[in-house]
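Results of the structural survey
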Amino acid sequence: MSAESLPATDLRWVVCPVCHQPLESVGNIISCQGCGRRYPVLDGIPVLLADRVL
Ligand SMILES: [Zn+2]
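A few points on the structure. Since we're looking at a predicted model, the values are computed, not measured.

Another aspect to go through is the coordination of the zinc ion. Taken together, the protein donors to the zinc ion comprise Cys16 (SG), Cys19 (SG), Cys32 (SG) and Cys35 (SG), at separations of 2.2 to 2.3 Å. Its four donor atoms give the zinc ion angles of 98 to 115 degrees at the centre, a pattern that matches the tetrahedral case. Positions of the donor residues of the zinc ion along the chain correspond to the pattern C-x2-C-x12-C-x2-C. Residue classification places Cys16 among the buried residues on the basis of a relative accessible area of 0%.

Below you can see the structure in the form of structure tokens.
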């Protein structure tokens, strides 16, 4: 598993499930710009479940 940049995950339609603010891709995680939660990306797919917060 390499840490190189993901294929551009389109996050324009994705919001944080907790605070509904925009998200941004940071390395191989997704970071919420609102509440600061971070979500894992598994196999290129953001796992935006509140109980999977890193
Ligand atoms: Zn949030």
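That shown, we press on.
A word on the pairing of strand 2 (residues 29-32). Of the two faces of strand 2, both are covered, the one formed by Ile29 and Ser31 as well as the one formed by Ile30 and Cys32. Between the end of strand 1 (residues 23-26) and the start of strand 2, which pair antiparallel, lie two residues, with Gly27 showing a positive phi angle near 60 degrees. Pairing between strand 2 and strand 3 (residues 38-42): three bridges, direction antiparallel. For Ile30, the partnering residue across the bridge sits in strand 3 and is Tyr39. The antiparallel hairpin formed by strand 2 and strand 3 contains five residues in its connecting segment, where Gly36 sits at a positive phi of about 85 degrees.

Conventions adopted
Residues numbered from 1 in each chain as written. Predicted model: local features only at pLDDT ≥ 70, side-chain atom pairs only at ≥ 80, totals over all residues. Heavy atoms only, no water. Donors = N, O, S within 2.8 Å, 3.2 Å for Na, K, Ca; no water. Tetrahedral: all angles 85-135°; square planar, octahedral: opposite > 155°, others 65-115°. Buried < 20%, exposed > 50% of the residue type's maximum accessible area, 1.4 Å probe, protein only. Helix = DSSP H or I, 4+ residues; strand = E, 2+ residues; numbered from the N terminus. Pairing = 2+ DSSP bridges.

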